[in-house]
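Geometric and topological summary
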Amino acid sequence: IASTPNEYTIPVEVKDAGFGICAEELGSIVEGHDIKKLKGHGGVEGIASKLCTSCTDGINATQDSVKARQVVYGLNKFTESPPRGFWLFVWEALQDMTLIILGVCAIVSLLVGVASEGWPTGAHDGLGIVASILLVVFVTATSDYRQSLQFKDLDKEKKKISVHVTRNGYRQKLSIYDLLPGDLVHLSIGDQVPADGLFVSGFSLLINESSLTGESEPVAITADYPFLLSGTKVQDGSCKMLVTTVGMRTQWGKLMATLSEGGDDETPLQVKLNGVATIIGKIGLFFAVLTFAVLTQSLFSHKWQEGTQLFWTGEDALKLLEYFAVAVTIVVVAVPEGLPLAVTLSLAFAMKKMMNDKALVRHLAACETMGSATCICSDKTGTLTTNHMTVVKSCICGNIKEVSNPKEADSIRSNISDSVLKVLLQSIFNNTGGDVVRDKSGRVEILGTPTETALLEFGLSLGGDFQLMRQECKLLKVEPFNSAKKRMAVVLQLPDGSLRAHCKGASEIILDACDKYMDSTGNIIPLDEASFNHLKDIIERFAGEALRTLCLAYLELEDDFSQTSQIPSRGYTLLGIVGIKDPVRPGVKESVEICRSAGIT
């Protein structure tokens, strides 16, 4: 079906469903990075209209239309390998080297014992070893099977990723599994591209495609090269993307289908135990062969002296069997059948204790490695903290205020002039990667990263109107936040035609970029050394209270500024400093203390 646009014929089932392009054609355009074919279909706008969607409002999703899209284009899910059954874990547990040696010993012991002493007396040793093996195997298999079920549930939780999508004309959070071709997805730094698609609009977008191509150099995505592939990551910038193919039809889905799960490496404990079993087995076997050889030689010498070496009776055969039984007994005694049992039971106990401490271990034998941890490397935001940030302190025009309730926000508003408030709200609402939207019930919802959400919430508490502020000014250029520059900047065209740059970011960097500050009446005052040091002290005081600090600043630009120019990095006027709190999760303090007392860094 994938062909040149002139020859392309829409399959009947796609046409009947009301769409103008099939999944295979969309896949060939995006995967093949086929600009010629894309232009033949009318570019991104043309593809959007063939997918019955809009590049501003997204798809008009009713229950029937969603079902129709899923039938034609599929679901955004990858086919998973079937879960492993209990008996497969039993088979894996039987692969242990010690158990294999014990198994061989058990069979030989049974055969020799029954032959020499009869049933059931001669079978006691052999059956004892078999019982020990079965106990070890079933304890290991049961523990590993139970853990695999828990990991499956954990994996399901881990995959519940939400993305920001414009659908039915408003921005909302949806699970990646609910994405459909035609949806508009909003991506920013650190996001993983959830499906194959096309770039609609955005700023300074760099995509890391190393997971697919192996190339570490990021790829710049623009309207001229708009192809986005699932599984890749946004390294810089932000964008709005039109989803074209989902699930197993994406390049990532096809890659997953060709890969099989790799085998597990043995843990250090397994390596040591297998080594011990092999050495003991070899030593036991050496002495068994030596004993058998010595006893057999003495029998031959005895018969030689008697001159009966050519005549063998049943009694001689029984003697040989008895010697062989002695040799087997040496091997059986040498191989420690209690060792695997003792190790398995102690590890099963350790695994149970670790599970009670909310630590899941996939394989029983890995408990020993997990239990010998000396250092824990942890992310802070969202792991040790709740990842729900709020502005709790601010220093606007030199006035430090607590911001924990609406009355305090009113107090900030009453202490600054209207002109200052307007510039401040202009900075908060335009220099942001977040959004303020209304859901179906008309309730205000703030979308974006926790830091952006905290600032937008602060702006709304000051009485700002997000949509009104956005409509007043025209956004000319955006430099999204990244970890190298530690700042975000935008250039706005104001209603009177003049240009203004707004900048926010790490306090010490933004403060260094300022040479003026605005007082509460709106006057611009040069930033002398005393004022600079005073502001630096405020930042350090906020930081000393475990607050994340951000500075807001602005700069009036000359009219000759063009969209290709870099946004200036100096000469700004400081508007204010905000202190954002990210509360620590309950139990973190106690956990850190326990780790420290246990000698874990």
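Structure first, text after, so check above.
First, a word on what this report is: a plain description of the structure on this page. (Residues numbered from 1 in each chain as written. Predicted model: local features only at pLDDT ≥ 70, side-chain atom pairs only at ≥ 80, totals over all residues. Heavy atoms only, no water.)

1. Here's the deal with unusual backbone geometry
Applied cut-off: The secondary structure listing takes helices from DSSP runs of H or I that are at least 4 residues long and strands from runs of E that are at least 2 residues long, numbered from the N terminus. Partly exposed describes any residue whose relative accessible area lies between the buried limit of under 20% and the exposed limit of over 50%, with all areas from a 1.4 Å probe on protein chains only and scaled to the type maximum.
Although it is not a glycine, histidine 33 adopts a positive phi angle of roughly 50°. For histidine 33, the position within the fold is in the loop between α2 (23–31) and α3 (35–40). For lysine 486, which is not glycine, the phi dihedral falls at a positive 55°. Position of lysine 486 relative to the elements: it lies in the loop between β12 (474–479) and β13 (487–493). Residue classification places lysine 486 among the partly exposed residues on the basis of a relative accessible area of 37%.

2. Considering empty space enclosed by the protein
Where empty space is left can be seen by rolling a probe of water-molecule size over the atoms. As a reminder of what qualifies: In this analysis a 1.4 Å probe is tested at points of a 1 Å grid over the protein atoms alone, and where it fits but cannot get out there is a cavity; an open set with protein on both sides within 12 Å along at least five of seven lines is a pocket; lining residues have an atom within 4 Å of a point. Grid points are joined across faces, edges and corners, and a volume is the space filled by probe spheres set on the points. Note on residue classes: Ala, Val, Leu, Ile, Met, Phe, Trp, Tyr, Cys and Pro are nonpolar, Asp, Glu, Lys and Arg are charged, and everything else, Gly too, is polar.
Under the counting rule described, the total for this entry stands at one cavity of 30 Å³ or more. Approximately 40 Å³ is the volume found for the largest cavity. Every residue along the wall of the largest cavity is listed here: Ser394, Ile396, Asn399, Lys401, Ile412, Asn415 and Ile416. A per-class count over the lining of the largest cavity returns three nonpolar, three polar and one charged.

3. Thoughts on the pattern of salt bridges
Selection criterion: Throughout this description, the term salt bridge denotes a Lys or Arg side-chain nitrogen within 4 Å of a carboxyl oxygen of Asp or Glu.
Under the defined criterion, the tally for this structure stands at 14 salt bridges. For glutamate 402, the salt bridge identified is with lysine 393, shortest N-O distance 3.9 Å. Among the salt bridges present, the one from arginine 413 reaches aspartate 410, with a minimum N-O distance of 2.8 Å. Placement of both arginine 413 and aspartate 410 in helix α15 (residues 406–415) is noted, with a separation of three residues, approximately one turn of the helix. Salt bridges here are not isolated pairs; linked through shared partners, they connect Lys393, Glu402 and Glu545.

4. Remarks on the packing of aromatic side chains
What counts is decided by this rule: Two aromatic rings, drawn from Phe, Tyr or Trp (for Trp, its six-membered ring), form a pair once their centres lie within 6.5 Å of each other, and the interplanar angle then sorts them: stacked below 30 degrees, edge-to-face above 60, tilted otherwise. Note on criteria: charge over ring means Lys NZ or Arg CZ within 6 Å of the ring centre, with the direction from the centre no more than 35 degrees off the ring normal.
Counted under the stated rule, the structure contains nine aromatic pairs. When the ring of phenylalanine 86 is compared with that of tyrosine 145, the centres are 5.8 Å apart and the planes differ by 75°; the resulting orientation is edge-to-face. Here phenylalanine 86, found in helix α6 (residues 86–93), pairs with tyrosine 145, found in helix α8 (residues 124–158); they are 59 residues apart in sequence, far enough to count as distant. Judged by relative accessible area, phenylalanine 86 falls into the partly exposed class, the value being 21%. Classification of tyrosine 145 as partly exposed rests on a relative accessible area of 27%. Taken together, a centroid distance of 5.8 Å and an interplanar angle of 65° make the contact between phenylalanine 89 and tyrosine 145 edge-to-face. Within this pair, whereas phenylalanine 89 is found in helix α6, its partner tyrosine 145 is found in helix α8, the two being separated by 56 residues in sequence. Here phenylalanine 89 falls in the buried class, since its relative accessible area comes to 4%. Taken together, Phe86, Trp87, Phe89, Phe138 and Tyr145 form an aromatic cluster joined through their ring pairs. Positioned above the aromatic ring of tyrosine 177 is the side chain of lysine 77, whose terminal nitrogen or guanidinium carbon lies 5.5 Å from the ring centre.

5. Brief notes about the pairing of strand β1 (residues 162–167)
Keep this limit in mind: Each pair of strands is called paired provided DSSP finds at least two bridges between the two strands.
Among the six residues in β1, five count as buried, and that is most of the element. Bridge analysis of β1 against strand β2 (residues 170–175) gives six bridges, and the strand direction is antiparallel. From the neighbouring strand, valine 163 faces β2, where its bridge partner is leucine 174. Two successive antiparallel strands, β1 and β2, enclose a turn made up of two residues, where asparagine 168 displays a positive phi of approximately 60°. In the sheet, β1 pairs with strand β3 (residues 184–187) via three bridges, with the strands oriented antiparallel. Across the sheet, residue threonine 166 finds its bridge partner in β3, namely leucine 184.

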